[in-house]
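Residues per chain, in single letters:
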Amino acid sequence: MLRVGSSAACVACRSLVSNNMGVKFRIPLQKLHPLSRAIHHRYSGNNNPHRTPHRTAARYFTSMSRLPMRPLKPPLGSGGHRHQQQRNFWVARLAARLLRLRYILLGTAVGGGYTAKKTYEEWKDMLPDFSEYNWVIPDFVWELSENIDLDKLAKALPEMEEIAKLLPDFEKIGENFTFLKGLLSSENSGDPALKATDSSTGAAHDASDKQYKKSSDKEKIDQLQEELLRTQLKYQRMLERLEKENKELRKVVLQRDDKGIHQRKVKKSLIDLYSEVLDILSDYDSNYNTQDHLPRVVVVGDQSAGKTSVLEMIAQARIFPRGSGEMMTRSPVKVTLSEGPHHVAMFKDSGREFDLTKDGDLAALRHEIELRMRKSVKEGQTVSSETISLSVKGPGIQRMVLVDLPGVISTVTTGMASDTKETIFSMSKAYMQNPNAIILCIQDGSVDAERSIVTDLVSQMDPQGRRTIFVLTKVDLAEKNLASPNRIQQIVEGKLFPMKALGYFAVVTGKGGTGESIDAIKDYEEDFFQSSRLLRDGMLKAHQVTTKNLSLAVSDCFWKMVRESVEQQADVFKASRFNLETEWKNNYPRLRELDRNELFEKAKNEILDEVISLSQVTPQLWESILQKKLWERVSTHVIENIYLPAAQTMDSGTFNTTVDIKLKQWTDKQLPHKALEVAWETLQEEFARFMAEYRGKDQDDIFDKLKEAVKDESIKRHKWNERAMDSLRVIQHNALEDRSITDKPQWDAAIQFMEETLQSRLKDNESVIKDMVGPDWKERWLSWVNRTPEQHIRNETKKELDRLLKLHDDHTAYLASDEVTTVRKNLEGRGVEVDPVLIKDTWHQLYRRHFLQKALTHCNLCKRGFYYYQRHFVDSELECNDVVLFWRIQRMLVITANTLRQQLTNTEVRRLEKNVKEVLDDFGEDSEKKTQLITGRRVQLAEDLKKVREIQEKLESFIEALHKEK
């Protein structure tokens, strides 16, 4: 309801023309109707030659709006005899004012017609400028005319008669003004004649007349207000219809441009060029981001304040994941908005287009954004600083770049990292401290303003409010819940918060349901504000409401900031490029500027060359290495568990039986596994050896960490083919079953193999005995060392056991109990206390030495025993079963080495090469891994040079396109 004394009719008329028509109500005096000029001269104050017509008209309307609306009071001292005179003067005064009001209304009608004409011309200017498509004329004109009915479009535009219908019913307004003017006091009228009339008025109206006038005045004001609102609604619907038709026409033009008439390649749009620059900067080194002062719209607000909903309304699609009270935005999301023929969305690093008109694609897009957010958050954290880049195109979307940040929280809840609050604060400050960033501050209107955290944060970063736009969300709930709607007016006027802003907006982004469409939310928002008392009572202005007006204002502010700052930022990057190039020339004059990716490709080729070198190893070298390593691995088992137990039986038949049983057990359980382990270790060692050899051949040491990591990861992933174990077991078993030595060279080779093995064991045994008994007399005299008490006891025990072996040369491997007692008593007789366990331990080493010496003697005798073996002669001295055993072992080693070599060269080397390629491919896709493995100032300098050059080139292309658009 309009308040008394506000001159509702005049204010409403002026608001209708100025706000809805989009132009100011100012008409040159020469274009006014003669009667209007007469009104102008009458009330312009001609006595003052310095007044201008425009100022005078404005003053008149201002004075009209300030006239109080209250009943007239009779002058003091008037009596009843003057009542008839007062009535006569009242009629005269009313006639005079009504005559003056006719001229005012006539002037208003003329001004309204002129304004409607200007609005019509502006709508014509809003149609697409076809001069940009001169390269397709005349084909384009004829093709376009086939699809667009220009006559129909012209008919759709409003005629002057329709515009006239939109104007209020001036007769009714005149009647209402009759009552309004009757309530005006003489002191505010500014008319001397009327002053005289008022001063002569004496008698007061009676009480019944006053009550009737009050009720009548209220009814007239209500009728006038309703009529004005209906007129505004009608005009708004016509504007929406024209805007929709204009959007359809632009869509047709954009579709033709998108398809490419005459196969012309369409250039990237201006906003896409700018977005690419921001993408490169977001991937740049964090130490350099402080110099990134390029504009973008930073969306900040308290958690669940409606940030994401506002962004969705601007993008005209429900593209973000939704949750009830929980944190959904876990990382910055950069959204590039631009106009296009189809409503689609696409990620920076993906070629898939999501059709935003389809529910399935919308759900898939929301799911993909949620997955990317969760993937960017590291373990143990709640939010991430990694930016997700998304572009949205569609008809009628305002061009700009927005960054949606995680909502500011006041308390860390269960399940969040302890530093979540500080991380969000620091992230928001990092984006807002950019002096060219536009801060879109979102405040929840449904909660108490004192609970807001973000307003203090924004006021710290932009205390003067030169780049801040304040948005109050959920105004429908605020109007419903607040007892005093004046608080909303204080908020949008910037009087409640200490922060300052460029502009203040109030929006409604839905009823709270997750399934609401954008169109339904728009309709609900428009219906709410049309019926809201906030707008009706003047608490909110028309340009301060709806997300549509908000997006227009933000887009204008964004492009203004871009045009003011982009060239300065280009100069900054140009200076940085010069400094980096100078540093490179001074430090690395003979090297090319290879960035991390290029260095990785170079290292990848070198590593693959080294792997291929494995295939150049000769079969003889493979078998020699395998045979030697396999014998080193199994020799202890052969001597300790097979040969010595069988040889110490002192019986030929028992020897062969024991050997066969133990060889069978060994082949079934251990030997194949040991052989595969040896082959795998051999492959690793040869691979590492080739890598090390290449490293010394003038290779770049910057690749050392990468090569070592590739080698370790490849070996870790490589698994030997277990199916080869079964076939290897059969081959080894058949080799050990064969006892037939066919020629003398094989016999001699077996004897040599046996002799080398026994000598090696005897040498090891001598070393053990020496450590047991300590240094001999020569070392004690020359080196001045003495035996320990234990070594002294061992030495005395050794002497006693040596005498026993001399007496019994064919003694068994074990001492009898009475022999142990005899040795202990003999030692006690010499004053040496000895434990029986020590006696047995010493005997074991002494008997082993004695047995190995006898075996070597027998081995020398068997050198001439091949003739007896071949003819199966039985001679106790030349019965060489141990030689046959070592021949069987040697032959098994040769056959196993040959089998493993074939598997290595035919299968495993190729599989290792494949693993290396897979590891290199995985490392190549992992930028963090490459950063860890390829390091150094040289690498970082090349990276900086590449990024700065790319940024500078993109900025120059953008600036050139920006100038062309101007």
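Residues numbered from 1 in each chain as written. Predicted model: local features only at pLDDT ≥ 70, side-chain atom pairs only at ≥ 80, totals over all residues. Heavy atoms only, no water.

Colleague: Before we move on, could you go through the overall build of the protein chain and cite the residues and values that matter?
Modeller: On a plain count of helices and strands, the protein chain comes out with 35 helices and nine strands. Here the protein chain holds 966 residues, and the buried ones make up 45% of them. The contacts in the protein chain between residues at least 6 apart in sequence include a share of 82% that link residues at least 24 apart. Of the roughly 51600 Å² of accessible surface on the protein chain, 50% is carried by carbon and sulfur atoms. (Helix = DSSP H or I, 4+ residues; strand = E, 2+ residues; numbered from the N terminus. Buried < 20%, exposed > 50% of the residue type's maximum accessible area, 1.4 Å probe, protein only. Contact = heavy atoms within 4.5 Å. Areas by Shrake-Rupley, 256 points an atom, 1.4 Å probe, with all protein chains shown as cover.)

Colleague: Describe the packing of aromatic side chains, naming the residues involved and giving the relevant values.
Modeller: All told, the structure shown has 17 aromatic pairs when counted by the stated rule. Taking 4.9 Å as the distance between ring centres and 45 degrees as the angle between the ring planes, the aromatic pair formed by Trp584 and Tyr588 counts as tilted. Pair check on accessibility: Trp584 and Tyr588 agree, each one buried. Arranged with centres 6.2 Å apart and planes meeting at 55 degrees, the rings of Tyr643 and Phe851 form a pair that is tilted. (Phe/Tyr/Trp six-rings, centres within 6.5 Å; stacked < 30°, edge-to-face > 60°.)

Colleague: Requested: an account of the nonpolar core, with residues and values cited.
Modeller: By size, the foremost hydrophobic cluster in this structure holds 97 residues, and its most contacted members are Tyr643, Trp666, Trp747, Ile889 and Val916. For this core, the element with the most residues is helix H33 (residues 881-925), which contributes 17 residues. Setting aside residues up to four positions removed in sequence, Tyr643 forms contacts with Val638, Phe655, Met754, Leu758, Phe851, Ala855, Asp882, Leu885 and Phe886. Judged by nonpolar contacts, the second largest core, of 59 residues, contains Leu270, Ile280, Phe347 and Ile951. (Core = buried A, V, L, I, M, F, W, Y, C linked by side-chain atoms within 4.5 Å.)

Colleague: Lay out unusual backbone geometry with the relevant residues and their values.
Modeller: Despite not being glycine, Ser304 has its phi angle at roughly 65 degrees, a positive value. On the basis of relative accessibility, which here comes to 42%, the residue Ser304 falls in the partly exposed class. Although it is not a glycine, Gln316 sits at a positive phi angle of roughly 65 degrees. Within the secondary structure, Gln316 sits in the loop between helix H12 (307-315) and strand S2 (333-339).

Colleague: Lay out the confidence of the model for the protein chain with the relevant residues and their values.
Modeller: Across the protein chain, the average pLDDT comes to 76, with 70% of residues at 70 or higher. Note that pLDDT drops below 50 for residues 285-290; the model gives that stretch six contacts with residues more than four away or on any other chain. (pLDDT = per-residue confidence, 0-100.)

Colleague: Residues and numbers for the side chain of Glu800, please.
Modeller: Mapped onto the secondary structure, Glu800 falls in helix H29 (residues 789-807). Glu800 gets classed as buried once you look at its relative accessible area, which sits at 9%. There is a polar contact of 2.2 Å between the side chain of Glu800 and the side chain of Arg803. A polar side-chain atom of Glu800 sits 3.1 Å from a polar atom in the side chain of Arg830. Among residues more than four places away in sequence, those in contact with Glu800 are Val823, Asn826, Leu827 and Arg830. (Polar contact = N/O pair within 3.5 Å; in protein donor to acceptor, adjacent residues only side chain to side chain.)

Colleague: Before we move on, could you go through the sheet that holds strand S4 (residues 354-355) and cite the residues and values that matter?
Modeller: Here we have nine strands laid out as an open sheet, ordered S4-S3-S5-S2-S6-S1-S7-S8-S9, and mixed in their pairing. Either end of the sheet is taken by a strand with one partner, and the two such strands are S4 and strand S9 (503-506). Where strand S8 (residues 468-473) meets S9, four bridges bridge the pair, whose relative direction is parallel. Each bridged residue has a counterpart across the sheet, and for Ile469 the counterpart in S9 is Gly503. (Pairing = 2+ DSSP bridges.)

Colleague: So what about helix H26 (residues 724-737)? Which residues, and what values?
Modeller: Note: α-helices contain 3.6 residues per turn, so residues at a spacing of three or four share the same orientation. Look at H26: 20 Å from first C-alpha to last across 14 residues, which is about the 20 Å you get at 1.5 Å a residue. Those residues of H26 lying buried are Ala724, Met725, Leu728, Gln732, Ala735 and Leu736. Looking straight down H26, one finds that the buried residues subtend no more than 90 degrees of arc, so they occupy a single side. (Expected span 1.5 Å × (residues − 1). Arc of directions from axis to C-beta.)

Colleague: Before we move on, can you summarise the environment of Cys880 with the specific residues and values?
Modeller: The residue Cys880 is located in the loop between helix H32 (866-870) and H33 in this model. Taking relative accessible area as the criterion, Cys880 reaches 6% and is therefore assigned buried. For the pair Cys880 and Phe866, spaced 14 residues apart in sequence, the C-alpha to C-alpha distance is 8.8 Å. Here Cys880 is in contact with Trp747, His858 and Cys862, once residues within four sequence places are set aside.

Colleague: Tell me what's going on with the packing of H29 against helix H30 (residues 817-829), and back it up with residues and numbers.
Modeller: It is the contact of H29 with H30, at a shortest axis distance of 10 Å, that shows an interaxial angle of 125 degrees. The angle between H29 and H30 places the two elements in the oblique class. Along this stretch, H29 crosses H30, giving a crossing that reads as right-handed. Contacts from Glu796, Thr797, Glu800 and Leu801 in H29 reach Val823, Asn826 and Leu827 in H30. Among the residues making up the contact of H29 with H30, the classes are represented as three nonpolar, two polar and two charged. (Axes fitted to C-alpha atoms, helices over the stretch in contact; angles between N-to-C directions. Parallel < 35°, antiparallel > 145°, perpendicular 65-115°, else oblique. Left-handed = near helix turned anticlockwise from the far one by under 90°. Nonpolar A, V, L, I, M, F, W, Y, C, P; charged D, E, K, R; others polar.)

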